[in-house]
Amino acid sequence: MALRHINKRTFSCILLIAGFAIVFLYRPLMMTDQAAKKEPYIRQNDLVKMVNRDETRAAYGTTQTISMTADLPGTATTQITDMEKRQMMRIQHKNTTCLEMYETKPPSPLTKENLSSQATHSPPKFDTTYFNEDFKFFVSTSWKGGNTNWRKAMRTLYHKTTVKRSNNTRLNDDRDLIFGNLNSDDFNSRIKYFFKVIFVRNPLVRLLSAYRDKIVEQKRVRVSIYRNVASTCVKIYRKGATVEEIESGNATFLEFAQYVSDTYQIKRDPHWYPIFNRLQPCLIPYDFIGKMETMDTDTQYLFKVLKIDDLISIEYAYAHGKSSQIDLLRKYYGTLTK
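Since we're looking at a predicted model, the values are computed, not measured. (Residues numbered from 1 in each chain as written. Predicted model: local features only at pLDDT ≥ 70, side-chain atom pairs only at ≥ 80, totals over all residues. Heavy atoms only, no water.)

Below, the discussion takes up unusual backbone geometry. With an omega of 0 degrees, the peptide bond running from Ser108 to Pro109 counts as cis. The phi torsion at Lys307 lies on the positive side, around 65 degrees, for a residue other than glycine. Topologically, Lys307 is positioned in the loop between helix H13 (295–306) and helix H14 (326–333). Here Lys307 falls in the partly exposed class, since its relative accessible area comes to 44%. (Helix = DSSP H or I, 4+ residues; strand = E, 2+ residues; numbered from the N terminus. Buried < 20%, exposed > 50% of the residue type's maximum accessible area, 1.4 Å probe, protein only.)

On inspection of all chains with the given rule, the structure shows 18 aromatic pairs. Their ring planes at 70 degrees and their centres at 5.9 Å tell us that Tyr211 and Tyr332 sit as a pair that is edge-to-face. Taken together, the residues Tyr211 in helix H8 (residues 203–216) and Tyr332 in helix H14 connect sequence positions 121 residues apart. Judged on exposure class, the residue Tyr211 and its partner Tyr332 are both buried. (Phe/Tyr/Trp six-rings, centres within 6.5 Å; stacked < 30°, edge-to-face > 60°.)

Okay, the sheet that holds strand E1 (residues 129–132) next. The strand order E1-E2-E3-E4 describes an open sheet built from 4 strands, whose pairing is mixed. Only two strands of the sheet have a single neighbouring strand rather than two, namely E1 and strand E4 (288–291). With strand direction ignored, the average angle separating the axes of adjacent strands in the sheet is 20 degrees. Here helix H6 (residues 147–160) sits on the sheet in contact with E1, strand E2 (137–140) and strand E3 (195–200), set at roughly 20 degrees to E1. (Pairing = 2+ DSSP bridges. Axes fitted to C-alpha atoms, helices over the stretch in contact; angles between N-to-C directions. Contact = heavy atoms within 4.5 Å.)

Moving on to the state of the cysteines. Each disulfide consists of one covalent bond between the sulfur atoms belonging to two cysteines. Applying the stated criterion across every chain, the model contains 1 disulfide. Paired by a disulfide, Cys98 and Cys282 hold their sulfur atoms 2.1 Å apart. Handedness here is read from the sign of the S-S torsion; for Cys98 and Cys282, about -85 degrees, the answer is left-handed. Here Cys98 is found in helix H4 (residues 82–102), whereas its partner Cys282 is found in the loop between helix H12 (275–279) and E4, with 184 residues between them in sequence. Classification of Cys98 as buried rests on a relative accessible area of 0%. According to the relative accessible area criterion, Cys282 is buried, its value standing at 3%. (Disulfide = S-S within 2.5 Å.)

This is the structure in structure tokens:
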């Protein structure tokens, strides 16, 4: 079987990468979503007390300036909705995990310089983090994790708002939306008070989507780079590969997984580099945690909270959204097991 072609170190690395990301962000959040469905309403005061009992509340504090229950239909001061509970449980889980497993919390003060110096793997990347000055929020995304959809939505929001830049010009390109392009002073003043949003994705689905998009179809940007990656996968990991096979670049998912595992630290392509390393969720006190798997309900609720639901919407209709289908996951990941 295919497993015989994987050495123990490589297979362990694959399981470690996928398992780590699932345990940290996906599986526990899925569990909290299920818990919220079982108990539609709880008293808000009781939930606040439950959160306050945890050290993480004091350790992380809160910079949230937006009421997540304000102006929502059916919301009472003594109750919270399913979505409110989902968010509080996701944030509590993240904070607890960061403290207990990694002994990490946001730096004080929260600045660009401190974020870079205290990062565990590499400084957080803000090149796929988009901000809006009018509504005082930013959203951190990742390649193969909703980046394109969010960039389009934030561009639309920019053109529908009236904030005046110092140069009094309209948006020339997406660089004006990127949070990481701000100078240190502007960055530091905004990260403290802006509403902070992050969207994550199941790491197994994200890796499969990257393979199908960049290796199998080899389309969109930087085609030659991914054709070379595919050829490298065949050359290194296919025993007895012919010149024709190498030049064709028809790498299997197994060969691609071996490549990603073996080059985990040195080949940090953003399409499969772990979200945990890129966005550093333990260092940034996010106010809202969304998932690609619950994109529709998460964004609908978020836009109501931000009061922009009449300005923008997001339709997650990417061709590789189908990578989340269980039959495809079994088909491809089945090649990594006995």
